[in-house]
Amino acid sequence: MSSLKFDVAVIGGGPAGLAAALSARTAGAKDVLVIERDRELGGILQQCIHNGFGLHRFHEELTGPTYSGRFIRQVKADAGITVWEDTLVLEVRNDKTIWAINPQQGLIGITAKAVVFAMGCRERTRGAIRIPGLRPAGIFTAGAAQRMVNMEGYITGKKIVVLGSGDIGLIMARRMTLEGAKVQAVVELLPYSNGLTRNVVQCLEDFGIPLHLSHTVSFIHGKDKITGVTVAAVDQDRNIIPGTEFELDCDCLLLSVGLIPENELSRGIVDLDGLTSGPTVNQYRQTSYDGFFAAGNVVHVHDLVDFVSEEGDIAGKFAALYAQGKLPTATNVVAVKAGQGIRTVVPQRISWPDSSGKVRLFMRAQEPAVRVKLKIAAGEDVLVERQLPIARPGEMIVVDVPFDKIPDCTQEISVTLQAVQGGGLRE
Amino acid sequence: MSAESTDVVIIGGGIVGSAIARELSRYQLAVILLEAETDVAMGTSKANSAILHAGFDAKPGTWKGKLNVRGNHLYHQLWQDLSLDVDWMGSLVVAKDDAEQATIEELLARGNQNGVPNLEILSADQLLEREPNLATDVTGALWAPSAGVVCPFGAVFGFIENAIRNGVTLLRECPVQGIVIDNGRVVGVVTPHGVIRARFIINAAGIQADAVARMAGDNSFTIHPRKGEYILFDKTVRQLVNTVIFPTPSKVSKGILVSPTVHGNLFIGPDAEDVADKDDVSTTAAGMERVINGARRIVPQLPLAAAITEFSGLRAASGDGDFILRESETAKGLIHAAGIQSPGFTAAPAIAEVIADILREAGLALIEKAEFNPVNPPRRVFREMSWQERAEIVARDPLFGRVICRCETVTEGEIVATIHSPCGAVTVDGVKRRTRAGTGRCQGGFCGPRVTAIISRELGIPVTAVRKDGIHSFLFSDKLPGVCEVSTDEQP
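Residues numbered from 1 in each chain as written. Chains lettered and ligands numbered in written order. Predicted model: local features only at pLDDT ≥ 70, side-chain atom pairs only at ≥ 80, totals over all residues. Heavy atoms only, no water.

For chain B, the helix and strand inventory stands at 12 helices and 23 strands. Its C-alpha atoms give chain B principal-axis dimensions of about 65 × 60 × 45 Å. Taking all 492 residues of chain B together, the buried fraction comes to 62%. A separation threshold of at least 6 residues defines the contact pool for chain B, and within that pool the share at least 24 residues apart is 72%. The positive charge centre, built from 48 side chains, and the negative charge centre, built from 58, are 1 Å apart in chain B. (Helix = DSSP H or I, 4+ residues; strand = E, 2+ residues; numbered from the N terminus. Buried < 20%, exposed > 50% of the residue type's maximum accessible area, 1.4 Å probe, protein only. Contact = heavy atoms within 4.5 Å. Lys, Arg positive; Asp, Glu negative; His and termini not counted. Charge placed at Lys NZ, Arg CZ, Asp CG, Glu CD.)

Here's what the structure looks like:
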């Protein structure tokens, strides 16, 4: 059992963790540790062999492994960053002791001056949404199937139904088609897709794959191996409309029914936001507990990896400053709240003093709408107002607020989305 | 295998067949247990409430009345010997009005008659002090401290592995296709591997026990499948109740309960619905609704968002409601252990004693063997180890340093060990039921492919031959020529 000390320990070697490690070094951390549970760095990007990553950060369209490769090379070239792969963190204590384990080193105890949580997220399962029916083989979360197809070289089926039209579901519909499978349909409970518009077009429309909006899978058939599903239309309250059922044959059902930030290690140390399921953070991505930072999908599920990395940059930099004793203690804190029309907003609070110059807010709309006005205000004091031609829950709204505009007071800042003339809900 | 000959063939690898196999392994006998599926514990023993009932429910004088209390008593001795997961947390039967209050008084009297130890009626105040999350309109409860919860498939593995260690042969994927009768007496069973000659056949085929009886020309009973649905919750909501909570029972069912599991989850269920099809273990929207509404009567605040899986099981109900434990009148040498519905799981070790007695009376000499070892070696469960033990085991076996299932902290070392145990796992769900890999909140989303790779490597079969659970439940097909990267022989 070894015992080691680091300035900054980063839990998770995906896009958030890698960016955090690099930025922590740039900000002066002497020794940084990255702990990755998988056999290699890169996180879920390694199985995302489609392109479209890095448009914001690198101004090119990269594949997932290419995008992560740029970070992995830098991390591995930096002698100040230690990487442990194939290593699982068993416990994090609030004194910043971390217990981890791997086959080479055995059980390892480390202490860090600052910790960055970057564990990403996991997929919701069939059980969480209570799909009735039998329990045969052939039901996979889209991400698990993606790993098998893209990294291991096996396919999960040849006749496929996808439930859920989030980005992963859309991309897997295309991927399985390219592997020669017949994708019978993508079925979506909501009246709209939660995926990026470009993915609806490039993954479904371009391949003629039907998308059944306001529908769900109401029954799974097949005892040993799935033989088909019953699909049914749902009403506004998402209840099945009797008589609308139809059957689709399949040997595989892929579930893309939502992602949940993976906070099993952080739960109990830091406060979690009930809506994002991630820790509440300030503009430095500092959590509610001193010296613990968080970045990426562990905070809130992003649509674009570029923003994940950006959040990693922020968390890593301020974790390094904290470790060096250079992050001043907060003198004042203001809450940021999701108001009308907005479901979530990150960060959930802003602290003084600030050294970031501007605060970038990430927001998700409650429902799809056209011609809306986004308003960020502290009481009567409007900080930012912006007209949006369209707002969709699947596409994060990103707005920078210059820090000097934010009044140094305790009045909470609220974010709202309201229809302007001729606008409103899209459906 | 066609020339196989044995003293006793047991048909069915559920809790009853396994407990009988283990009981018979005490004696100088050749015993073969036949299981039609890929693994033991695949039928009723897989999907049930996993309660070791105290024994106040059954009518005095019935098999159920006699064997429930005896079985519960035996488990209090057996659980450590067999290395079973049991928590003796006790049970409550909750009443909500005068009529129900009268019923729990009746249960108290019946329980005392059956010999259930330390039963007690609690007042509403006493009850709410112990269980603050119950509905506030409860009027009282029957407290039975001798009840417990068990890992149901774990118990089957405990019995069968001990039986195998003591000389019993287990044949899986070996369905019985016929029974050979000579002169009114059974002489063997027909299987896909040929005829196995046997002097005695024990029918512990669960939901299929009537079909097995018919193969021997015995039409004396029928098994009616009665389905029950369950919802299982994440460990984060375990603290909602402290013990097994039953509603006051109706004539047909013990009702929908709210109970912790032995591994720290929480479940609600079952409902009771007669079904025609013995393969119908589907969950239904209506069934889940019934279960949720029933459970809300007792515990109003149910954290539905924390549900991680749903399943249903079939009770093997017989016509007259009691266990059928007797030699067939039509086919001598065929002994029925049938109609085993609740409290069959609890009664199983006592049923095994009764079956041994029936065999003895039917003329089989039961001579104890000196080398019988009643004890299973303790399992090495990483999750339950101290930090010191963890450090030591990884130092000895590096595979215990690789965590395959994050939700339940299951290591590669445990998975490899369970594949190579006496009744080793051969499927992904077989690994799950033995180690808990894949039972957590991600339900195998992360670890499923890795468990597949380990099974492929350890059993020396291609990834495409690895099955989820049932005989035809293959998971993957080939995409490209090549080998699964994680399934290479590479050792740390």
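Below, the discussion takes up the domain arrangement of chain B. Residue and element names in this part refer to chain B. Assigned domains of chain B: these are domain 1 (1–88 + 149–222 + 319–378), domain 2 (89–148 + 225–318) and domain 3 (382–465). Using only C-alpha atoms to locate each centre, domain 1 and domain 3 end up separated by 29 Å. Between domain 1 and domain 3, the contact holds 14 residues from the first and nine residues from the second. Counting the surface domain 1 buries against domain 3, the share from its top three residues, Phe-157, Glu-161 and Arg-172, is 41%. The interface formed by domain 1 and domain 3 holds one salt bridge in total. In this structure, Arg-434 and Asp-39 form a salt bridge, with 2.8 Å as the shortest nitrogen-oxygen distance. The interface formed by domain 1 and domain 3 contains four residue pairs in polar contact (both at pLDDT 80 or more). Considering each element in turn, the side of domain 1 that touches domain 3 owes the most residues, six residues, to helix 5 (residues 152–165). (Domains from an automatic or database assignment. Buried area = accessible area lost by both parts, 1.4 Å probe. Salt bridge = Lys/Arg side-chain N within 4 Å of Asp/Glu carboxyl O. Polar contact = N/O pair within 3.5 Å; in protein donor to acceptor, adjacent residues only side chain to side chain.)

Per the UniProt annotation, the sites labelled "domain: BFD-like [2Fe-2S]-binding" (unreviewed entry) are residues 403–456 of chain B. Secondary structure across residues 403–456 of chain B comprises 46% helix and 9% strand; the distance between its end C-alpha atoms is 18 Å. (UniProt positions renumbered as here; feature names shortened; annotations may be inferred.)

What follows covers the sheet that holds strand 27 (residues 397–402) of chain A. Residue and element names in this part refer to chain A. One open sheet accounts for three strands, arranged 22-24-27; its pairing is antiparallel. With partners counted over all chains shown, the strands left at the sheet margins are strand 22 (342–346) and strand 27, one partner each. The sheet shows a mean angle of 25° between the axes of neighbouring strands, taken without regard to direction. Pairing of strand 24 (residues 358–365) with strand 27 involves six bridges; the strand directions are antiparallel. The residue of strand 27 that forms the bridge with Arg-360 is Asp-400. Along the sheet, helix 7 (residues 305–323) makes contact with strand 22, strand 24 and strand 27, crossing strand 24 at roughly 140°. (Pairing = 2+ DSSP bridges. Axes fitted to C-alpha atoms, helices over the stretch in contact; angles between N-to-C directions.)

Moving on, we come to the environment of A:Asp290. Residues and elements named next belong to chain A. Tracing the backbone through its elements, the reader meets Asp-290 in the loop between strand 19 (259–261) and strand 20 (292–294). Separated by 25 residues in the primary sequence, Asp-290 and Leu-265 have C-alpha atoms spaced 16 Å apart. In this view, Asp-290 contacts Lys-96 and Tyr-322; residues no more than four positions away in its chain are not counted.

Here we come to the domain arrangement of chain A. Residue and element names in this part refer to chain A. Along its sequence, chain A is organised into domain 1 (4–120 + 262–327), domain 2 (123–258) and domain 3 (335–419). When each unit is reduced to the centre of its C-alpha atoms, the spacing between domain 1 and domain 3 is 26 Å. Counting each side, the surface lost to burial between domain 1 and domain 3 is near 1700 Å², with a carbon and sulfur contribution of 49%. By the criterion of area lost to domain 3, the three top residues of domain 1 are Leu-275, Gln-283 and Asp-303, representing 31% of everything that side buries. Scanning the region where domain 1 abuts domain 3 turns up two salt bridges. Residue Arg-360 is joined to Glu-310 by a salt bridge in which the shortest nitrogen-to-oxygen separation is 2.8 Å.

So, about helix 11 (residues 428–435) of chain B. All names here are of chain B. Counted residue by residue, helix 11 has eight buried out of eight residues, so it is predominantly covered. The set of residues buried in helix 11 consists of Val-428, Asp-429, Gly-430, Val-431, Lys-432, Arg-433, Arg-434 and Thr-435. Buried residues in helix 11 make contact with helix 5, strand 22 (410–411), helix 10 (412–419) and helix 12 (448–459).

This paragraph deals with the side chain of A:Gln348. Residue and element names in this part refer to chain A. Position of Gln-348 among the secondary structure elements: in the loop between strand 22 and strand 23 (349–352). At 3.0 Å, the side chain of Gln-348 forms a polar contact with the side chain of Asp-273. Aside from chain neighbours lying at most four places away, what touches Gln-348 is Asp-273, Thr-276, Pro-279, Thr-280, Val-281, Val-334, Ala-335 and Val-336.

It is common to give the size of an interface as the accessible area that goes away when the parts come together. Contacts between the two partners involve 49 residues from chain A and, on the opposite side, 57 residues from chain B. Roughly 4500 Å² of surface becomes buried between chain A and chain B when both sides are summed, with 59% attributable to carbon and sulfur atoms. Of all residues in chain A, A:Arg130, A:Arg135 and A:Tyr154 bury the most surface against chain B, accounting for 16% of the area lost on that side. In this assembly, chain A and chain B are joined by three salt bridges. Between B:Arg406 and A:Glu262 there is a salt bridge, with its nearest N and O atoms 3.0 Å apart. Viewed at the interface, chain B and chain A are joined by 12 residue pairs in polar contact (both at pLDDT 80 or more). Secondary-structure elements contributing two or more residues to the side of chain A that touches chain B are strand 6 (88–92), strand 7 (97–102), strand 8 (106–117), strand 9 (121–123), helix 3 (126–129), strand 10 (139–141), helix 4 (142–152) and strand 11 (154–155) of chain A. Looking at which element gives the most residues to the side of chain A that touches chain B, the answer is helix 4 of chain A, with five residues. Each residue belonging to the side of chain A that touches chain B can be placed in one class, and the counts come to 22 nonpolar, nine polar and 18 charged. Sheet topology places strand 11 of chain A next to strand 23 (residues 477–478) of chain B; two bridges connect them, and they run antiparallel. Across the sheet, residue A:Tyr154 finds its bridge partner in strand 23 of chain B, namely B:Asp478. (Nonpolar A, V, L, I, M, F, W, Y, C, P; charged D, E, K, R; others polar.)

To continue, consider the packing of aromatic side chains. Within the structure shown, the criterion is met by 16 aromatic pairs over all chains. Aromatic pair A:Phe307 and A:Phe362: ring centres 5.3 Å apart, planes at 70°, arrangement edge-to-face. Residue A:Phe307 is located in helix 7, and its partner A:Phe362 is located in strand 24; the two are separated by 55 residues in the primary sequence. Taken individually, A:Phe307 and A:Phe362 each receive the classification buried, so the pair is uniform in this respect. For the ring pair B:Trp79 and B:Trp88, a centre distance of 6.4 Å and an interplane angle of 85° mean the geometry is edge-to-face. These aromatic residues form a ring-pair network of at least three members: A:Phe58, A:Tyr67 and A:Phe71. We note A:Arg70 situated over the ring of A:Phe58; from NZ or CZ to the ring centre the distance is 4.8 Å. (Phe/Tyr/Trp six-rings, centres within 6.5 Å; stacked < 30°, edge-to-face > 60°. Lys NZ or Arg CZ within 6 Å of the ring centre and 35° of its normal.)

Cis geometry is found at the peptide bond from A:Val346 to A:Pro347, where omega equals 0°. On the secondary structure map, A:Pro347 appears in the loop between strand 22 and strand 23. Residue B:Pro343 follows B:Ser342 across a cis peptide bond; omega there is 5°. With respect to the helices and strands, B:Pro343 occurs in the loop between strand 20 (334–338) and helix 8 (344–361). We note that B:Ser83 has phi near 60°; this positive angle belongs to a residue other than glycine. The topology assignment puts B:Ser83 in the loop between helix 2 (63–81) and strand 4 (86–87). Judged by its relative accessible area of 19%, B:Ser83 is buried. Positioned with a positive phi, B:Asn183 is a non-glycine residue whose angle comes to about 60°. Here B:Asn183 shows up in the loop between strand 10 (178–182) and strand 11 (185–191).

Attention now moves to the UniProt feature "domain: FAD/NAD(P)-binding" (unreviewed entry) in chain A. Cross-referencing UniProt, the feature "domain: FAD/NAD(P)-binding" (unreviewed entry) maps to residues 6–301 of chain A in the present numbering. Between the first and last C-alpha atoms of residues 6–301 of chain A the distance is 28 Å; the span itself is 21% helix and 30% strand.

A word on the UniProt feature "domain: FAD dependent oxidoreductase" (unreviewed entry) in chain B. Under the present numbering, the feature "domain: FAD dependent oxidoreductase" (unreviewed entry) in UniProt falls on residues 7–357 of chain B. Across residues 7–357 of chain B one finds 29% helix and 28% strand; the C-alpha atoms that close the span lie 15 Å apart.

Here we come to the confidence of the model for chain B. Atomic detail in the predicted coordinates should be set aside for any region of low pLDDT. Scored by pLDDT, chain B comes out at a mean of 95, with 97% of its residues at no less than 70. Scored by ipTM, the complex comes to 0.94, with pTM at 0.95. (pLDDT = per-residue confidence, 0-100.)

Moving on: the environment of B:Leu107. With respect to the helices and strands, the residue B:Leu107 is situated in helix 3 (residues 98–114). Not counting chain neighbours up to four residues away, the residues in contact with B:Leu107 comprise B:Phe56, B:Asp57, B:Val93, B:Leu142 and B:Pro249.

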